[in-house]
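Coordinate inspection notes
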Amino acid sequence: MIANPMPVLPAAELAGFVSVLAETETRVLVGSVVDMAGVARAKTVPAGRAAAFHVAGMGASPTWNVFCIDNTIAFTDRLGVVGDLRLRADLAALRVLGDGYAWAPAEFFTQDGDPVAGCARGRLRELQARAEAAGLSMLAGSELEFVLTDADGGAPFGRQWQAYGLGAVFDVEELIAELAVEFASAGLPVEQVHAEYGSGQYEVSIAPAEPLQAADHVVLGRLVIGRVARRHGLKVSFSPLPFAGGAGNGAHLHLSFAGDGVPLLSGGTGPHGLTERGQAALAGILAGLPELLAVFAGSVLSASRLRPGLWSGAFACWGLENREAALRLVAATGGNPSGASIELKCIDPSANPYLAVATMLGLALDGMERSAVLPAEITSNPLGAEGTLRLADNQADVLDAFGSSALARRLLGEEIVEALLAVRRHEQHTYADPTLGEITERFRFAWSC
Ligand code: GLU
Ligand code: MG
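The structure contained in this document is the topic of the report that follows. (Residues numbered from 1 in each chain as written. Chains lettered and ligands numbered in written order. Predicted model: local features only at pLDDT ≥ 70, side-chain atom pairs only at ≥ 80, totals over all residues. Heavy atoms only, no water.)

Here we look at the overall build of the chain
- Tallying secondary structure elements over the chain gives 13 helices and 15 strands in all.
- Rg of the C-alpha trace for the chain: 21 Å, near the compact-globule value of 22 Å for 449 residues, within the 12% margin.
- Referenced to the eigenvectors of the C-alpha coordinate spread, the extents of the chain come out at roughly 60 × 55 × 50 Å.
- For the chain, buried positions account for 59% of its 449 residues.
- A total accessible area of about 17,300 Å² is found for the chain, and carbon and sulfur atoms account for 54% of it. (Helix = DSSP H or I, 4+ residues; strand = E, 2+ residues; numbered from the N terminus. Rg over C-alpha atoms; globule rule 2.2 N^0.38 Å. Buried < 20%, exposed > 50% of the residue type's maximum accessible area, 1.4 Å probe, protein only. Areas by Shrake-Rupley, 256 points an atom, 1.4 Å probe, with all protein chains shown as cover.)

A few points about empty space enclosed by the protein
- As enumerated under the stated definition, the model contains four cavities of 30 Å³ or more in all.
- Of the voids in this model, the largest cavity is the one considered here, and its volume is about 90 Å³.
- Considering the residues around the largest cavity, the lining is formed by 14 residues, among which S142, V218, A251, I347 and P353 are closest to the centre.
- Within the residue set of the lining of the largest cavity, elements represented by two or more residues are strand 7 (136-149), helix 6 (211-231) and helix 9 (353-369).
- Class assignment of the residues belonging to the lining of the largest cavity gives a composition of ten nonpolar, one polar and three charged. (1 Å grid on protein atoms, 1.4 Å probe; cavity = no way out; pocket = protein on both sides within 12 Å on 5 of 7 lines; lining within 4 Å. Points joined across faces, edges and corners; volume = space filled by probe spheres on them. Nonpolar A, V, L, I, M, F, W, Y, C, P; charged D, E, K, R; others polar.)

Details of the side chain of S341
- Locating S341 in the fold gives a position in strand 15 (residues 341-344).
- Only 3.2 Å separates the side chain of S341 from the side chain of H254, close enough to count as a polar contact.
- The residues touching S341, leaving out its near neighbours within four places in the chain, are H254, L255, L265, R328, L329 and V330. (Polar contact = N/O pair within 3.5 Å; in protein donor to acceptor, adjacent residues only side chain to side chain. Contact = heavy atoms within 4.5 Å.)

Some words on the pairing of strand 7
- Of all 14 residues that make up strand 7, twelve are buried, and the element is covered over most of its length.
- Of the strand pairs in this sheet, strand 7 and strand 9 (residues 201-206) are connected by five bridges, and their pairing is antiparallel. Looking at the pairing, V147 lines up with Q201 of strand 9.
- Bridge count between strand 7 and strand 10 (residues 235-237): three bridges; the pairing is antiparallel. Pairing of T149 across the sheet is with K235, part of strand 10. (Pairing = 2+ DSSP bridges.)

Considerations on the nonpolar core
- Residues Y202, F257, L292, L327 and F402 are the most contacted members of the largest nonpolar core, which totals 123 residues.
- Sorting elements by how many residues they give to this core places helix 7 (residues 276-297) first, with 13 residues.
- When residues no more than four places from it in sequence are discounted, the contact partners of F402 are E291, L292, A294, V295, A408, R409, L412, V417, L420 and L421.
- By size, the runner-up hydrophobic cluster in this structure holds 23 residues, among which are V33, L94, A104 and V116. (Core = buried A, V, L, I, M, F, W, Y, C linked by side-chain atoms within 4.5 Å.)

Topic: the packing of helix 3 (residues 120-133) against helix 6
- Contact geometry of helix 3 with helix 6 gives a least axis separation of 9 Å together with a crossing angle of 150 degrees. The angle between the axes of helix 3 and helix 6 places the two elements in the roughly antiparallel class. Taken together, the residues of helix 6 that come into contact with helix 3 (itself represented by R121, L124, R125 and Q128) are P211, L212, A215 and D216.
- Here the contact of helix 3 with helix 6 is composed, by residue class, of four nonpolar, one polar and three charged. (Axes fitted to C-alpha atoms, helices over the stretch in contact; angles between N-to-C directions. Parallel < 35°, antiparallel > 145°, perpendicular 65-115°, else oblique.)

Here we look at the site of ligand 1
- Close to ligand 1 lie E145, E196, E203, G248, N249, G250, H252, R305, L310, W311, S312 and K345, which account for all nearby residues.
- Take G248: an N or O atom from its main chain is 3.0 Å from a nitrogen atom of ligand 1.
- Separating an oxygen atom of ligand 1 from a side-chain N or O atom of K345 is a distance of 3.0 Å.
- Here ligand 1 has 300 Å² of accessible area as a free molecule, and 92% of this is covered by the chains.
- Among the detected pockets, ligand 1 sits in the largest pocket.
- When its residues are assigned to classes, the shell around ligand 1 shows two nonpolar, five polar and five charged. (Near = heavy atom within 4 Å. Sits in = over half its atoms within 2 Å of the grid points.)

As for helix 10 (residues 395-403)
- When helix 10 is considered as a whole, its buried residues turn out to be Q395, V398, L399 and F402. Taken end-on, helix 10 shows its buried residues confined to a sector of 90 degrees, consistent with a single buried face.
- Where helix 10 is buried, its residues meet helix 7, helix 8 (302-305), helix 11 (406-412) and helix 12 (414-430).
- For helix 10, the N-terminal cap is N394; the gap from its side-chain oxygen to the backbone nitrogen of A396 is 3.2 Å. (Arc of directions from axis to C-beta.)

Considering the environment of L412
- Tracing the chain through its elements places L412 in helix 11.
- The class for L412 is buried, based on a relative accessible area of 0%.
- Along the backbone, L412 and G118 are 294 residues apart, and their C-alpha atoms lie at a distance of 8.6 Å.
- Discounting chain neighbours no more than four positions away, the residues touching L412 are R123, L292, V295, L355, T359, F402 and V417.

A look at the state of the cysteines
- Scanning the entire structure with this criterion turns up zero disulfides.
- Counting only cysteine sulfurs, C449 is the nearest neighbor of C68, a cysteine outside any disulfide, at a range of 18 Å.
- We classify C68 as buried; its relative accessible area is 0%.
- No disulfide involves C119; its nearest neighbouring cysteine sulfur is the one of C449, lying 17 Å away. (Disulfide = S-S within 2.5 Å.)

Quick notes on unusual backbone geometry
- Unlike most non-glycine residues, N71 shows phi in positive territory, near 70 degrees.
- Take N71: it is sitting in the loop between strand 3 (58-60) and strand 4 (85-89).

Here's the deal with the coordination of the magnesium ion (ligand 2)
- For the magnesium ion (ligand 2), every protein donor is listed as E145 (OE), E196 (OE) and E203 (OE), and the spread of their distances is 2.0 to 2.1 Å.
- The motif formed by the donor residues of the magnesium ion (ligand 2), counted along the single chain, is E-x50-E-x6-E. (Donors = N, O, S within 2.8 Å, 3.2 Å for Na, K, Ca; no water.)

Considerations on the packing of aromatic side chains
- With the rule as written, the count across this model stands at five aromatic pairs.
- A centroid spacing of 6.4 Å and a plane angle of 50 degrees characterise the contact between W64 and F67, whose relative ring orientation is tilted. Of the two residues examined, W64 and F67, each falls in the buried class.
- Pairing W161 with Y202 gives two aromatic rings, centres 5.4 Å apart and planes at 80 degrees, and the pair type is edge-to-face. Of this pair, W161 sits in the loop between strand 7 and helix 4 (166-170) while Y202 sits in strand 9; the two residues are 41 residues apart in sequence, bridging distant segments of the chain. (Phe/Tyr/Trp six-rings, centres within 6.5 Å; stacked < 30°, edge-to-face > 60°.)

Structure follows, in structure tokens:
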């Protein structure tokens, strides 16, 4: 059972959102949830049904949580063909997209209006309330890496790629200008857009926000990027590995913590200014990573991205500005006005962003509650550094560790653990034989919006 579920808005507030839709000439409201495979699924209603979408919700089968990337349903004992749920749109998080469309994140409820234990956004909402009650606040900001392809899924640029190139920006200058405008009008705080290292790869960095909103921002960002790319006849891959042999897409998460409003990652007496609680939070995250990797990088393609030398954070260690560590500390310097943060680098875009943020928050709380001790930082390339643990390099081991983790059950609940395992085990068993080239091609656009 989920504590602190999404409330029904008071009538006056609800009326306020309904009039925003009218004033902006919104014709259609799309409400989405993200399933255990990391795919966003949606219900769409005429704008006049927005209040109903929030209060009573729209029907959805319980199996919505266990759809797989190939659209197979990974039935479990709990999730079968009988029963129905309601998807309630959170109008307090409504965003107007223009061209007659608006979007809102949704959560799963029963037909009697009770929250559903397997709802990722509901679980994050609950953990956020628990953290706030303990005087802990967390801000999170995601980096969205993606690869642009032509309409056939091939490389769109007729020349050798320029990593971080000026030319690579101007190859798609109109698209980037439109993104800037659309991000702003959808209320998505974007800090920068740049060409990344991999061929056809770009990155959008989103400003820090409170946990629930930060996870919403990931979905909204992908949605906006997808809409703009379509106008240009291009496609967007958010696959962890769009092309075999190419660079992977990360979904790095920056996190900062404050206790009763005071930053915990700077101003202390520990290494690089970490406070005692900040170190414990970091230690909790680090200790839980191997068991909870299935949440961050659990797909059939994740392990092929999570390799040394690709800056994907394949090692369970931390270090100041260490780009090969799963946890990179970014200190509070003059060049970093947002203050110190921890960057989770091992996470990729196949992760459900609500579960990912919830897990980070839960691990940090766990570390603080048990005053976890932070191991020494790794100050060089972890490859070859003594005693540094490489995160699991295959999906089977990642899922085994998750399946036998009591910590995962405590943080996320049995329902979520069971559903996530069912979906990822399906990938593991079904795609054991095809080559990496075949799998990358098949799922290149599985996580696109
Ligand atoms: N593309 C890399 C990854 O898969 C990250 C590169 C970077 O550090 O931005 O995580
Ligand atoms: Mg990057």
